[in-house]
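Structure at a glance
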Amino acid sequence: NKGQPLPAKIAMSIAHGIIQALEYAHNHGVVHGDMKPKNVLLAGEQVKISDFGLGRLEGGRVLINIDVPPTLATVRYLAPEQVLGHTIDARADLYAFGAILYELFTGALVFEEVDQEIAEFHRGQPPKPPRALNPRISRPLDHLILKLLDKDPAKRCATARQVRLILNSM
């Protein structure tokens, strides 16, 4: 239901599937660059990530095309460094994962405004803490989501593996 969080057990199962898929991609040198719920496919108990459309093949490896303007990506899930047109790495995918977690556990978007305003909010406005919208969210999960949504990539978790280990401990 729109505006309603998923049941915690289902949301956590989806979160684990997404982070495992991101960890696999990142371990193989692939940054998605356009993570969003539409690119998360649920097939029974399996979670798959689709549409690596912002990537390109170079020397047999898929690499993120950092020349793609942010307007071609989905603004609601762009990391601040993408909004600014900077080179991105796996931490941009982790920012988008934080935005997806926010939705899974609160039923709300991180920022509700229209596209240009959303881009500005991603660059400078902190999100409302998830626990303010859903008090059933644990403090550690609330902390993880906010850490993933940090404006400064250096303050986010560094790897999908690190995020997976944190999620496993919850």
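Details of the structure are given in the entry above.
A short tour of the structure in this document, coming up.

So, how was this worked out
Throughout this document, residue positions are counted from 1 along each chain, in the order its sequence is written. It should be noted that, the model being predicted, local features are given only for residues of pLDDT at least 70 and side-chain atom pairs only at 80 or more, the latter also being counted only at that level, while totals for whole chains, interfaces and linings use all residues. Here the side-chain values reflect all heavy atoms present in the structure, with hydrogen atoms and water set aside. Here a strand is any run of E in DSSP of at least two residues, a helix any run of H or I of at least four, and the numbering for each starts at the N terminus. Burial classification: accessible surface area is computed with a 1.4 Å probe over protein chains only, and a residue below 20% of its type maximum counts as buried, one above 50% as exposed, and the rest as partly exposed. In this analysis, two residues are considered to be in contact whenever any of their non-hydrogen atoms come within 4.5 Å of each other. Whether two strands pair depends on DSSP finding at least two bridges between them.

Focus: the overall build of the protein
The helix and strand inventory of the protein stands at seven helices and four strands. Helices and strands appear in the protein in the N-to-C order α-β-β-β-β-α-α-α-α-α-α. Going through the 170 residues of the protein one by one, you find that 44% of them count as buried. Considering only contacts within the protein whose residues lie at least 6 apart along the sequence, 63% involve residues at least 24 apart.

Observations concerning the pairing of strand β2 (residues 46–49)
On β2, burial follows the alternation: V47 and I49 on one face are buried, whereas Q46 and K48 on the facing-out side are not. As paired elements, strand β1 (residues 40–43) and β2 share four bridges and run antiparallel to each other. Paired with L42 across the strands is V47, a residue of β2. From the end of β1 to the start of β2, which pair antiparallel, there are two residues, and G44 there has a positive phi angle of about 65°.

Examining the environment of G3
Following the sequence through the fold, G3 ends up in the segment before α1 (8–27). For the pair G3 and G107, spaced 104 residues apart in sequence, the C-alpha separation works out to 4.4 Å. When residues no more than four places from it in sequence are discounted, the contact partners of G3 are T106 and G107.

A word on the environment of R161
Mapped onto the elements, R161 comes out in helix α7 (residues 160–168). Spatially, the C-alpha atoms of R161 and E23 are 5.8 Å apart, while their sequence positions differ by 138 residues.

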